[in-house]
Number of protein chains: 2
Amino acid sequence: MGEALKGLKRTIMCGELRESHIDSICTVMGWVQRKRNLGGLIFIDLRDRTGILQIVFGEEINKEAFEKADTVKSEYCIAITGKIVRRESANDNLPTGMVELKGESIKILSESETPPIYIKENLDASENIRLKYRYLDLRRPDMQRIYVIRHKAAKAVRDFMDSHGFLEIETPILTKSTPEGARDYLVPSRNYPGMFYALPQSPQLFKQLLMVSGFDRYFQIARCFRDEDLRANRQPEFTQIDLEMSFVEAEDVMDLNEKLVQYIFKTILDVDVKLPMERMPYKIAMEKYGSDKPDLRFGMEIENISEVVANSEFKVFRDALDNGGSVRAIKAENCAGMGRKQIDKLTDFVKTFKAKGLAWIAYKEGEIKSPIAKFLSEDEMKAILNKMNAKVGDLILIVSDAKNKIVLQSLGQLRLHLAKELELLKNNKEFRFVWVTEFPLLSYNEEENRWEAEHHPFTMPMDEDIQYLDSDPGRVRAKAYDMVLNGEELGGGSIRIHVSSLQEKMFEILGFTKEKAWERFGFLLEAFKYGPPPHGGLAFGFDRMVMFLTGTENIKDVVAFPKNQNAFCPLTEAPNVVDEVQLKELGIKTK
Amino acid sequence: MGEALKGLKRTIMCGELRESHIDSICTVMGWVQRKRNLGGLIFIDLRDRTGILQIVFGEEINKEAFEKADTVKSEYCIAITGKIVRRESANDNLPTGMVELKGESIKILSESETPPIYIKENLDASENIRLKYRYLDLRRPDMQRIYVIRHKAAKAVRDFMDSHGFLEIETPILTKSTPEGARDYLVPSRNYPGMFYALPQSPQLFKQLLMVSGFDRYFQIARCFRDEDLRANRQPEFTQIDLEMSFVEAEDVMDLNEKLVQYIFKTILDVDVKLPMERMPYKIAMEKYGSDKPDLRFGMEIENISEVVANSEFKVFRDALDNGGSVRAIKAENCAGMGRKQIDKLTDFVKTFKAKGLAWIAYKEGEIKSPIAKFLSEDEMKAILNKMNAKVGDLILIVSDAKNKIVLQSLGQLRLHLAKELELLKNNKEFRFVWVTEFPLLSYNEEENRWEAEHHPFTMPMDEDIQYLDSDPGRVRAKAYDMVLNGEELGGGSIRIHVSSLQEKMFEILGFTKEKAWERFGFLLEAFKYGPPPHGGLAFGFDRMVMFLTGTENIKDVVAFPKNQNAFCPLTEAPNVVDEVQLKELGIKTK
């Protein structure tokens, strides 16, 4: 059941009405947020994308309309015409709160059953119900705001890129396996039974080819796909701001991209991002924060106290130092009073990152308490406190290991963990950006006993390190850069190799035979024969960026129709079974 | 081999240089279009995205640079620094033709083998070579221009939609089969072996759900997929401008969309499209032009001469008329002199559209020539010429059949064919738009003996025709509209059904059982229970729009990395074989 519009036109949106509209005749259309019948008067809060407007129907204004209005229920979709009048008692909580619409006629455009979820802000419903009735979940004003911001952010990106000479060029979705290292989604081909397209994990190779084509500056807000087990903030398909530039070096790419981010944050949040953003080499980030995504909104940096305890007889430290490792610590200010149980929990925490234990020193008024006090001299204890700049009341937390990676990672994680526990970032509205640079080009996969690309195989080594490619691959740094915001990677990129011989060498180091390299990436190697320009680029995770812009912590909130943890869509019930006929045409069988 | 930039920065693009730059020191980077060594002087035409600049190296200017410049060949990628000077003999064919750059230093950024295709306008190379070396094909200036226009057109769409309150919202690529009637591309699921996602043929259902969500105005420049046998101007993946609006009727949607198209054509081509565009009911389009995509740039309309020959004894006409058919004709002006062979070819042509034959009357000076003259009275012949408004020199071409569809279609195609043969549209730069409206809601599939949706099953019937849904489904017209440009469909859409009961009835008429309808579209039917707004929308073929904007007739020219006729990409060689391991994980086998 539903009345047709039959020429009735909306004249204004609910949320737009103000005192200046008083005495005008308006037609509004939207959904019934609530209805109250107070005897001779019916009040309807009418909601559309822009906000809520109070409508009043009176038996004495128009009896027919009054009676019809009395039949509506929550979430009915209705159209009302009437005069805007001043509200007797203004509602300061509503932008439209000074006025109301005196309903003279009403059309019921469609009815509604009782919705399975409430249409209200900050809904506390199960994820499955929210996803199954996504169209109702999206009716909620906090969800609507997210998509307004997402739209505006995409628009801001495009405006900025356009004004900086970038062309948005669409690259294929049905393509060949790309080399990002994750699992591809495959699409069986009907014309070539037994063969498959792959959905792109990124437009990486195509954007490099576009540089070879001389397009000079390319960008795309591009859909990408990875068939991975889904962690909390991942989706099988995601959106990235992808860009590539020719005739540039790393600084040029960073310079442009921080301006882009500055523009977005200004446009959407009216926040001023100060440029240039800080640059921090990977090595420093690891040493000070135990992470290549350092959160710089708080201190608690990791200090290397190896020298301070260099002569210690304490066996734990001795073992670490004698085997090429280190002893490092962080300082939790004003935490000297932390109880034993809490510290035990911290110890358990660092153990999940393979640390063997957690030593600590509580610097109390007139007393230094520590389980390792008996193993260290008083001078050593003091030297540690000194090195850590400790004040009375501080707690020093120490990890040592023969593997520096374990020391750094566990302290880095402990640092973040403590910041959360201690609520160091409560009410912190800061956006703290940093470029992490000079990443290692390669990392050694001990399980598979081979070198892997840290970013991807197309990343250019730093000029001064190329000499070590054969002799000491682990030492080679890359012309790669990640933009980190509040401890999360917002985007990353690199200058690319554009010389065939170097690209082939990279494949060789990565253990590809020449045949294999050509089989997979021959078209890129071939393209590099014809005057490729030096080029580099970057990709931002657009979903994550929108999470920052909207203050949302769940990626599913910023994707209109997301999948659940099993890559399943409770709304459409995709994936689903298909007809045997379809499979037959594709020449495939399910097991 | 290739020199690194090492801090060298491009200061200006090649095509930007003008007289005002004379005496400034510039660094340009690009590709060698050609090099000539004229003794003591070397001339290089350097090309980048913006154009071509002449560079000159002199033995006397800088000997080292001169010698290095002499080593470059076509398509080397180079960087040159030097002073801009006035050219001795200006080249009026180049925008930069008043100046040249006096090369003082040169870096060879990368070398090039002889490219397999020429980098020049209007290349006449085989499609396969062009696609295999797409990155070189895209270097050609005419190809580069296309992607600049494509970028600008997409930008114009987004600017317009944004300023009209539309939100761009991304809908899933991994989803469930959509009901556009074409074959879906499938994606096997790893989490649910034996199940599949489908790639969307359009975002139809999602955009309707977004209207149920109250987003009010949605758009998206969206990738869509159809696994169909490829005709000349089709690609397996294509891009559409997709939009949907709430609280609107057909006129509102048409009004907005013709303004959008006006804006695009003004922005890109500086062409003024006059609004409102003509509206033409489907029935008229079929009767006058034998097509639902009438090309109105020329006349030659089809006339119904059934009444004129109503009493004729001519058996061919008699059979047609007595069996519910018709006799119709078009007039080819000044074609009375057409030879017998040519007319025979036209006869063969109409036969490919199932016409049984083609009668004709040549109205010559003092003579009426016609193979059917002997079957018709002189009065009848004259009445036909009269009805056709024929003048001396005209040729009348007549088709009759018991099936009106055959008469109309064959004459409609003959009309287009003749326009091409007679070059009626040569040098015609007109963009002739028309909205075709009042489409039939359903068409009868005689092979399968059932009614099918003419557009799709979500199209709203016209209010005044709903009464015939049961009694005479073929008579029901839809609230559907196509925008036609120069005889091609640019876009199409409709007002949608938003009432559950009517939507269920539509599925019933289309032969779905209730179970089947709910199985496939249950989530839409469910959504309609909760106050859906009246809504409608439209989708434009963006690739085709870019073809119009660039004057290109081959869709492959407007898609950066297209597939060939077999849905194969000669560049990347997709589709391709994949590892057995991958298939095993997906639980599928190839046969």
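Reading guide: rules and limits
Residues numbered from 1 in each chain as written. Chains lettered and ligands numbered in written order. Predicted model: local features only at pLDDT ≥ 70, side-chain atom pairs only at ≥ 80, totals over all residues. Heavy atoms only, no water. UniProt positions renumbered as here; feature names shortened; annotations may be inferred. Helix = DSSP H or I, 4+ residues; strand = E, 2+ residues; numbered from the N terminus. Buried < 20%, exposed > 50% of the residue type's maximum accessible area, 1.4 Å probe, protein only. Areas by Shrake-Rupley, 256 points an atom, 1.4 Å probe, with all protein chains shown as cover. Lys, Arg positive; Asp, Glu negative; His and termini not counted. Charge placed at Lys NZ, Arg CZ, Asp CG, Glu CD. Contact = heavy atoms within 4.5 Å. Polar contact = N/O pair within 3.5 Å; in protein donor to acceptor, adjacent residues only side chain to side chain. Least-squares fit on C-alpha atoms with pLDDT ≥ 70 in both. Buried area = accessible area lost by both parts, 1.4 Å probe. Salt bridge = Lys/Arg side-chain N within 4 Å of Asp/Glu carboxyl O. Pairing = 2+ DSSP bridges. Axes fitted to C-alpha atoms, helices over the stretch in contact; angles between N-to-C directions. Disulfide = S-S within 2.5 Å. Domains from an automatic or database assignment. Patch = residues over 30% accessible without salt bridge, like charges linked within 9 Å, V, L, I, M, F, W, Y side chains within 5 Å.

In the annotation of an unreviewed UniProt entry, chain A is listed under the name Aspartate--tRNA ligase and assigned to Clostridium liquoris. UniProt, in the comment section headed Subcellular location (unreviewed entry), describes chain A in these words: "Cytoplasm". UniProt, in the comment section headed Catalytic activity (unreviewed entry), describes chain A in these words: "tRNA(Asp) + L-aspartate + ATP = L-aspartyl-tRNA(Asp) + AMP + diphosphate".

## Concerning the overall build of chain A
Tallying secondary structure elements over chain A gives 16 helices and 23 strands in all. With respect to the three principal axes, the spread of C-alpha positions in chain A is 95 × 75 × 50 Å. For chain A, the proportion of its 591 residues judged to be buried stands at 56%. As displayed, chain A has an accessible area near 25,100 Å², and 47% of this comes from carbon and sulfur atoms. In chain A, 84 side chains carry a positive charge and 92 a negative one; their mean positions are 3 Å apart.

## Observations regarding the UniProt feature "binding site: L-aspartate" (unreviewed entry) in chain A
Residue and element names in this part refer to chain A. The feature "binding site: L-aspartate" (unreviewed entry), as annotated in UniProt, sits at E180, R226, H455 and R496 in this numbering. Relative to the elements of secondary structure, H455 occurs in the loop between β19 (450-453) and β20 (480-485). A relative accessible area of 28% places H455 in the partly exposed class. Residues contacting H455, with those up to four places away along its chain left out, are F439, A480, D482 and G493. There is a polar contact of 3.2 Å between the side chain of H455 and the side chain of D482.

## Focus on the relation of the copies chain A and chain B
The operation relating chain A to chain B is a screw motion whose rotation component is 180°, with 0.0 Å of axial translation and a residual RMSD of 0.1 Å. Read as a symmetry element, the transformation amounts to a two-fold axis. A symmetric contact is evident, with 100% of the interface residues of chain A recurring at the interface of chain B.

## A short note on the environment of K120 of chain A
Residues and elements named next belong to chain A. Tracing the sequence through the fold places K120 in the loop between β5 (99-110) and α2 (127-132). Using a relative accessible area of 43% as the deciding quantity, one classes K120 as partly exposed. Other than its neighbours up to four places away in sequence, K120 contacts R140, P141 and D142.

## Brief notes about the interface of chain A and chain B
Each partner contributes to the interface: chain A provides 126 residues, whereas chain B provides 127 residues. Taken over both partners, the interface formed by chain A and chain B buries close to 11,200 Å², and the fraction arising from carbon and sulfur atoms is 59%. Remark: the boundary between chain A and chain B carries 18 salt bridges. A salt bridge links R10 of chain A to D216 of chain B; the shortest N-O distance between them is 2.7 Å. There are 71 residue pairs in polar contact (both at pLDDT 80 or more) connecting chain A and chain B. In terms of residue count, the dominant contributor to the side of chain A that touches chain B is helix α4 (residues 141-163) of chain A (nine residues). Alignment of strand β23 (residues 588-590) of chain A against strand β23 (residues 588-590) of chain B, held across three bridges, turns out to be antiparallel. In the sheet register, I588 of chain A faces β23 of chain B, and the bridge partner there is T590 of chain B.

## Quick look at the sheet that holds strand β21 (residues 488-495) of chain B
All names here are of chain B. Read across the sheet, eight strands follow the order β6-β9-β10-β22-β21-β20-β17-β11 without closing on themselves; strand pairing throughout is mixed. The sheet is open, and its two edges are formed by β6 (167-168) and β11 (278-281), each paired on a single side. As judged from the five bridges shared by β21 and strand β22 (residues 535-541), these two strands associate in the antiparallel manner. Directly across from G492, in β22, lies its bridge partner A539. Along the sheet, helix α7 (residues 282-289) makes contact with β11 and β17 (433-437), crossing β11 at roughly 85°.

## Things to note about the side chain of T96 of chain A
Residues and elements named next belong to chain A. Structurally, the position occupied by T96 is in the loop between β4 (77-86) and β5. When its relative accessible area of 2% is taken as the criterion, T96 is described as buried. A polar contact is formed between the side chain of T96 and the backbone oxygen of I52, at a distance of 2.6 Å.

## Quick word on unusual backbone geometry
Here the bond from L275 of chain A into P276 of chain A is cis, since omega is -5°, no more than 30 degrees from zero. Along the polypeptide, P276 of chain A turns up in the loop between α6 (250-269) and β11 (278-281). Here the residue pair A574 of chain B and P575 of chain B is connected by a cis peptide bond, since its omega of 0° sits within 30 degrees of zero. Here P575 of chain B is to be found in the loop between α15 (555-558) and α16 (580-586).

## A short note on the side chain of D401 of chain B
Residue and element names in this part refer to chain B. Within the secondary structure, D401 sits in strand β16 (residues 395-401). Taking relative accessible area as the criterion, D401 reaches 4% and is therefore assigned buried. Side chain to side chain, D401 and K356 meet in a polar contact 3.0 Å long. Reaching out from D401, the side chain makes a polar contact with the backbone nitrogen of K403 at a distance of 2.8 Å. In this structure D401 touches A320, G325, S326, K354, K356, I406 and V407, once residues within four positions along its chain are discounted.

## With respect to the state of the cysteines
Counted under the stated rule, the structure contains zero disulfides over all chains. C569 of chain B supplies the cysteine sulfur nearest to C224 of chain A, a cysteine that is in no disulfide, at a spacing of 18 Å. Of the residues examined, C224 of chain A reaches a relative accessible area of 0% and is grouped as buried.

## Some words on the domain arrangement of chain A
Looking at the assigned domains, one finds that chain A contains domain 1 (14-110), domain 2 (130-247 + 537-591) and domain 3 (298-421). Computed over C-alpha atoms only, the centres of domain 1 of chain A and domain 3 of chain A are separated by 65 Å.

## Structural notes on a positive patch on the surface
Taken together, the side chains of K584, K589 and K591 of chain A together with K584, K589 and K591 of chain B present a region of like positive charge at the surface. Tracing the sequence through the fold places K589 of chain B in strand β23. Since its relative accessible area comes to 49%, K589 of chain B is described here as partly exposed.

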